[in-house]
Amino acid sequence: MTVTSVLAADFGSVYTRAVLIDVVDGSYRLVARGQTRTTDGFPVDDLAVGLDRVLRQMTDATGRRFTNDSGQIITPEQEDRSGVDAFVVTSSVGRPLRAVIVGLMPEVSIASALRAAAGTYLDTATTLHIADGRSEEERLNAVLLTYPDVIFIVGGTEEGAPAALLRLLNPVRTAVALLNEFRRPSIIYAGNSALAATVQAAFDPLTDVFVAANVRPALEEETVDSARLQLAQAFDRYAETRSAAFTAISAMSTSGVLPTPQSYNLIVDYLGRVYPGGVAAVDVGSAASILAVSFDQKITTSIRTDIGLGHNAPALLETVGVDPVRKWLPFNVTDSDLQNYVANKALRPASIPETLVDLYLEHALLKAGIEAMAASARPSWKVPFGPISIGRVIGAGSALTNTGHAAYDALLLLDALQPAGVSLLQNDPYGLIAGLGALAFDNPEAVVQVVEGDNLETLGTAVAPVGRPRTDRPAMRVEITLSSGEKIDQTVMGGHLWVYPLPYGYTAEVRIRLMGGLRINNRTSLRLTLTGGGAGLIFDARGRPLVLASDVRERAVQFPLWVSEVTGDPVQEIDPRLLEAVQVQAPVVGAQKRRRPERSRPARPARGGRRGRKQDAKAPAGSTDELEPDLLEFIEEEDLDDLRRGL
């Protein structure tokens, strides 16, 4: 059957999005989209309700009916244009799969297993290998104590000896047998194919076993696609157990419920093979974040379930620490202010900043989180140190795409990832990449046409030279020649940005002369043909790596000026009262639990109803206190979920 119309739905922790892709004038294009709150929590507890709301939006926009009277997706597309030929689903809702990885050597089979897991929400609880120094009893306990959802077994080349891997599997099988039969993990085997039948025979009576191609058939060869597909299907099986609604949705879908990161891995891998200069896509969500980067046709996908701007905002702050967040703020802030802000974000993950202070706090967390993701992933990139040249940068997630101004979206990407050289900046506000990745298995032609079409939002092109310019001294001389023959000359001063509003669909010939030690690909003079967009052409003379003022009063001038330069809006000055010195507490150290300060606890004021105590009338301007910081020590993850349901 020829697939012409595709409905793709993505269930996020906060939003459910859907897109309709159909053939228009002989090629696949984005036709309609919808978005609503995800309804897996109180008071609905039914994902299907959110899906129905999105489909109603799209029906209103297109006139197309997507479901029949019983609520099932109509497939294939009918003669009256109702229904679709394919329905694909991706999801990032819920906790990641808890996994135990079993292999021979950490630098070989275990490393391949971790790369295969890229694109799946997988939390590796422990790894077992022949060099881990554990006894059989310790390995058995390691499996029992983690209660894994999946055990991923790799190891052994196709010509390798099987004895070592079989010894590792003995305690694993015993542990699976000891676990409650309703909580036994699935087994995915992607090792020496000669052992596949033995592994199946060992675990089949106890749990399901799924066999994939060997991830390391030879020492110098790696094949992860088959294992990656099995891991995605394991995620689908796990998603189905979360609720009856997911079971029904998975049954209607063409390929089940696939993890959202897998889509980023596939799409960025494709773009990296087609377009030179490197590709990066970053999606900062409420509960998890994704960074997929392709250099020299090598894809690296990082999934961070400890970095989010909503449900996992407290984990983000704990992971990155206070100081990396504070450096992005143009005012003084206490540790309590930051902790209170992230606690309130965790309780109300869909809330948006209402004040200038909240906006800076939100985006400081965003930038610090992306910086942390990039820093942890960089060892596997082509350029592990120094400025990064990225030809195309794609932002996704509400915090990056819904600021209301294309140039401000672009500034967030430039600040957080700091791409050097010439970069095409794009946004994916509709969650299109998630749907395209799920579609790739069934209709790769549609994926190629949609990606290469005008379906992602183009912000514009940024030019960012490497080096440290002299502040307020000439750094870039720019000459723009439009198709009409009109010429624009501009000198960009060091430490500043200049934007020429070239609309989307237009190109211009640009000559650039760099000064003050700045370089692009070791050149000081360039001739380029640049593409416009919602923001236009952005000339960033702040240098790479980006240098932020260390003094808060200097940042109070620097940051608002940068925002004004890219957006064209008046400078939003920082309230001088926010620049007064505050007592800075010990920083929150990444990966350490929050400890109670060594002080006596003040008397707790009377509460103002279930929403907690009212804000202290004597709090300084810009204070975000709404929740006592000490309460954070007594709120476990499950308690936060309960509080969200009650608010």
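Just above sits the structure.
Quick summary incoming for the structure in this document. Sequence order as written defines residue numbering, which begins from 1 separately in each chain. Thresholds applied to this predicted model are a pLDDT of at least 70 for local features of residues and 80 or more for the giving and counting of side-chain atom pairs; totals over whole chains, interfaces and linings are not thresholded and use all residues. Here the side-chain values reflect all heavy atoms present in the structure, with hydrogen atoms and water set aside.

### Some details on the overall build of the protein
Scanning the protein from N- to C-terminus turns up 18 helices and 23 strands. By residue count, 54% of the 647 residues in the protein fall in the buried class. Throughout, a contact is declared for two residues whenever any of their heavy atoms are within 4.5 Å. Counting only contacts in the protein whose residues sit at least 6 apart along the sequence, the fraction spanning at least 24 positions is 69%. The Shrake-Rupley method, run with a 1.4 Å probe sphere, supplies the accessible areas, and residue values consider only the shown protein chains as cover. Per element, the accessible surface of the protein, about 28,600 Å² overall, is 49% carbon and sulfur. Strands here are runs of E lasting at least two residues and helices are runs of H or I lasting at least four, both read from the DSSP assignment and numbered beginning at the N terminus. The buried label applies to any residue whose accessible area, calculated with a 1.4 Å probe on protein chains only, is under 20% of its type's maximum; exposed applies above 50%, and partly exposed to all values in between.

### Notes on the pattern of salt bridges
Any carboxyl oxygen of Asp or Glu within 4 Å of a side-chain nitrogen of Lys or Arg constitutes a salt bridge here. For the structure on display, the rule yields 19 salt bridges. Arg-115 is paired through a salt bridge with Glu-222; the nearest N and O atoms lie 2.9 Å apart. Residue Arg-115 is found in helix H2 (residues 109-117), and its partner Glu-222 is found in the loop between strand E9 (209-211) and helix H6 (225-242); the two are separated by 107 residues along the sequence. Between Asp-575 and Arg-577 there is a salt bridge; the shortest N-O distance is 2.7 Å. Asp-575 sits in the partly exposed class, given a relative accessible area of 26%. Each of Lys-367, Asp-415, Asp-540, Arg-542 and Arg-544 takes part in a single network of salt bridges with overlapping partners.

### A closer look at the packing of helix H9 (residues 313-320) against helix H11 (residues 335-347)
Orientation is described by axes fitted as lines to C-alpha atoms, over the contacting stretch for helices, and by angles from 0 to 180 degrees between their N-to-C directions. Between H9 and H11, the least distance of the axes is 7 Å, while the angle of their chain directions is 145 degrees. For the pair H9 and H11, contact is made by Ala-313, Pro-314 and Leu-317 and by Leu-338, Gln-339, Val-342, Ala-343, Lys-345 and Ala-346, respectively. In the contact of H9 with H11, the residues fall into 7 nonpolar, 1 polar and 1 charged. In the scheme used here, Gly and all other residues not listed as nonpolar or charged are polar, with Ala, Val, Leu, Ile, Met, Phe, Trp, Tyr, Cys and Pro taken as nonpolar and Asp, Glu, Lys and Arg as charged.

### A closer look at H11
Here a helix's expected span is defined as the number of its residues, less one, multiplied by 1.5 Å. For H11, which comprises 13 residues, the first-to-last C-alpha distance of 18 Å matches the rise-based estimate of 18 Å (1.5 Å per residue) to within 8%. For H11, the buried fraction is high: 13 of the 13 residues fall into the buried class.

### Side note on the side chain of Asn-443
Counting through the fold element by element, Asn-443 comes out in the loop between helix H15 (432-439) and helix H16 (444-452). In this structure Asn-443 touches Val-3 and Tyr-28, once residues within four positions along its chain are discounted.

### Focus on the sheet that holds strand E4 (residues 86-91)
Note: two strands are recorded as paired if DSSP finds a minimum of 2 bridges between them. Pairing in this open sheet of 5 strands is mixed, and the strands run E3-E2-E1-E4-E10 from one edge to the other. Looking at strand neighbours, the two that pair on one side only are strand E3 (27-37) and strand E10 (257-259), the edges of this open sheet. Across the sheet, the mean angle separating the axes of adjacent strands is 25 degrees when strand polarity is ignored. Where strand E2 (residues 15-24) and E3 come together, 10 bridges link them in antiparallel fashion. Across the sheet, the residue bridging to Tyr-15 is Arg-37, located in E3. Of the strands in this sheet, strand E1 (6-11), E2, E3 and E4 touch helix H1 (residues 47-62), which is tilted by about 130 degrees from E3. Along the sheet face, H16 touches E2 and E3 and points at about 80 degrees away from the line of E3.

### Looking at empty space enclosed by the protein
Empty space among the atoms becomes visible once a probe the size of a water molecule is rolled across them. The way it works is a 1 Å grid over only the protein atoms, where trapped points that fit a 1.4 Å probe form a cavity and open points with protein on both sides within 12 Å along at least five of seven lines form a pocket, and then any residue with an atom within 4 Å of a point lines it. Grid points are joined across faces, edges and corners, and a volume is the space filled by probe spheres set on the points. A complete count under the given rule lists 3 cavities of 30 Å³ or more for this structure. Its volume calculated, the largest cavity comes out at about 120 Å³. Surrounding the largest cavity, Trp-328, Tyr-360, His-363, Ala-364, Lys-367, Tyr-408, Leu-411, Leu-412, Asp-415, Phe-559, Trp-562 and Val-563 form its lining. Among the secondary structure elements, those contributing two or more residues to the lining of the largest cavity are helix H12 (356-377), helix H14 (406-417) and helix H17 (552-567). Of the residues in the lining of the largest cavity, the class split is 9 nonpolar, 1 polar and 2 charged.

### Notes on unusual backbone geometry
In this chain, Thr-75 is followed by Pro-76 through a cis amide linkage whose omega measures -5 degrees. Here Pro-76 shows up in the loop between H1 and E4. Cis geometry marks the peptide bond from Arg-544 to Pro-545, where omega comes out at 0 degrees. Here Pro-545 is to be found in the loop between strand E23 (536-540) and H17. With phi around 65 degrees, Asp-472 is a residue other than glycine that occupies positive phi space. In this structure, Asp-472 sits in the loop between strand E17 (457-464) and strand E18 (474-481).

These figures come from the coordinates and say nothing about function on their own.
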